[in-house]
Amino acid sequence: QCFLPRCALHISLMFGVNYPNAKHTPLLSRANAPGIIVASGNMGYSHSTINDVFMSSDGGVEWDHVLDGSYHFQILDHGGLVVAARKGESTTQLKYSHDEGVTWYNKTISDVEVNIYGLITEPGEITTVINVYAIEADRMEWIIFTIDFKNSLGPKCVPSISCHGRYVTS
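Residues numbered from 1 in each chain as written. Predicted model: local features only at pLDDT ≥ 70, side-chain atom pairs only at ≥ 80, totals over all residues. Heavy atoms only, no water.

Observations concerning the overall build of the chain
(1) Moving on: When its secondary structure is counted, the chain shows one helix and 13 strands.
(2) Moving on: Reading the secondary structure of the chain in the N-to-C direction produces β-α-β-β-β-β-β-β-β-β-β-β-β-β.
(3) Moving on: Each of the 170 residues in the chain was classed as buried or not, and the buried ones make up 42%.
(4) Moving on: The long-range fraction of contacts in the chain, counting pairs at least 24 apart against all pairs at least 6 apart in sequence, stands at 43%.
(5) Moving on: Per element, the accessible surface of the chain, about 9700 Å² overall, is 53% carbon and sulfur. (Helix = DSSP H or I, 4+ residues; strand = E, 2+ residues; numbered from the N terminus. Buried < 20%, exposed > 50% of the residue type's maximum accessible area, 1.4 Å probe, protein only. Contact = heavy atoms within 4.5 Å. Areas by Shrake-Rupley, 256 points an atom, 1.4 Å probe, with all protein chains shown as cover.)

Printed below as a string of structure tokens:
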């Protein structure tokens, strides 16, 4: 807990490269998802090795705390979909959000626990397909999952309603 004016959001840029045990994921933004930035960091008086996930939909002017803990993350579908995978822990699921991190859903990708090491999409981030690189928790063999989130997306956005609760087109 910290208080202004000394309290700040500390975003990890290359912190994880210099301190690999910190499990920080570098900041992520994509040209085909204007304004969307996903980053690991912490709120406090200084940078910490304990981090959470923060997201901005306005190019970094305002930030929202969206997930607790360390995650790999990737932007898909022009920013309409963000996928996250627990970093450094065994799991059977991915998390995904189609409302800029307001709501997160779980998607089971495996019947057995895996350690996820990376999330990769095609260049341009215009697809709903992601490749998940993992190792089964009790074996040392790489597993690649290809997941299509097309059927997991929310309702189709129409001009007469708000798509993410932030605006309504008239």
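Some remarks on unusual backbone geometry
(1) Moving on: Despite not being glycine, D77 has its phi angle at roughly 50 degrees, a positive value.
(2) Moving on: For D77, the location among the structural elements is in the loop between β6 (71–76) and β7 (81–86).
(3) Moving on: Positive phi is not limited to glycine here, since H78 has a value of about 60 degrees.
(4) Moving on: Structurally, H78 can be placed in the loop between β6 and β7.
(5) Moving on: Taking relative accessible area as the criterion, H78 reaches 45% and is therefore assigned partly exposed.

Looking at the pattern of salt bridges
(1) Moving on: Taken as a whole and judged by the stated rule, the model has three salt bridges.
(2) Moving on: Residue R139 pairs with E136 through a salt bridge whose shortest N-O separation is 3.8 Å.
(3) Moving on: Residues participating in the shared-partner salt-bridge network are E136, R139 and E141. (Salt bridge = Lys/Arg side-chain N within 4 Å of Asp/Glu carboxyl O.)

Some points on the side chain of N42
(1) Moving on: Among the secondary structure elements, N42 is positioned in strand β3 (residues 37–44).
(2) Moving on: With a relative accessible area of 8%, N42 lands in the buried category.
(3) Moving on: Beyond its immediate sequence surroundings of up to four residues, N42 is in contact with A8, L9, H10, H47, S48, I50 and F54.

Some words on a nonpolar patch on the surface
(1) Moving on: A cluster of nonpolar residues, L13, M14 and L27, forms a patch on the protein surface that exposes about 280 Å² of accessible area.
(2) Moving on: Relative to the elements of secondary structure, M14 occurs in the loop between β1 (8–11) and α1 (15–18). (Patch = residues over 30% accessible without salt bridge, like charges linked within 9 Å, V, L, I, M, F, W, Y side chains within 5 Å.)

As for the nonpolar core
(1) Moving on: Judged by nonpolar contacts, the single largest core of 16 residues is most densely connected at V83, L94, I116, V132 and F149.
(2) Moving on: Those elements giving two or more residues to this core turn out to be β7, β9 (93–97), β11 (114–120), β12 (129–136) and β13 (142–148).
(3) Moving on: Each residue touching L94, except ones within four places of it in the same chain, is listed here: V83, A84, A85, Y105, N106, K107, I109, I116, L119, V132, I147 and F149.
(4) Moving on: Counting 14 residues, the second-largest nonpolar core is a separate cluster that includes I36, V66, I75 and W104. (Core = buried A, V, L, I, M, F, W, Y, C linked by side-chain atoms within 4.5 Å.)

Focus: the sheet that holds β13
(1) Moving on: Taken in spatial order, the four strands of this open sheet run β8-β11-β12-β13, and their pairing is antiparallel. For this open sheet the edge positions go to β8 (90–91) and β13, each flanked by a neighbour on one side alone.
(2) Moving on: Both β12 and β13 contribute to a ladder of seven bridges, which runs antiparallel. By the bridge assignment for β13, I135 is matched with W142. (Pairing = 2+ DSSP bridges.)

Regarding the packing of aromatic side chains
How two aromatic rings sit relative to each other is set out by the distance from centre to centre and by the angle between their planes.
(1) Moving on: Tallied over the full model, the rule gives three aromatic pairs.
(2) Moving on: Sitting over the face of the ring of F149, K107 holds its NZ or CZ atom 5.8 Å from the ring centroid. (Phe/Tyr/Trp six-rings, centres within 6.5 Å; stacked < 30°, edge-to-face > 60°. Lys NZ or Arg CZ within 6 Å of the ring centre and 35° of its normal.)

Things to note about the confidence of the model for the chain
(1) Moving on: Looking at the chain, pLDDT values average 85 and 85% of them are 70 or higher.
(2) Moving on: Every residue in residues 166–170 is under pLDDT 50, and counting partners more than four places away or in other chains gives nine contacts. (pLDDT = per-residue confidence, 0-100.)

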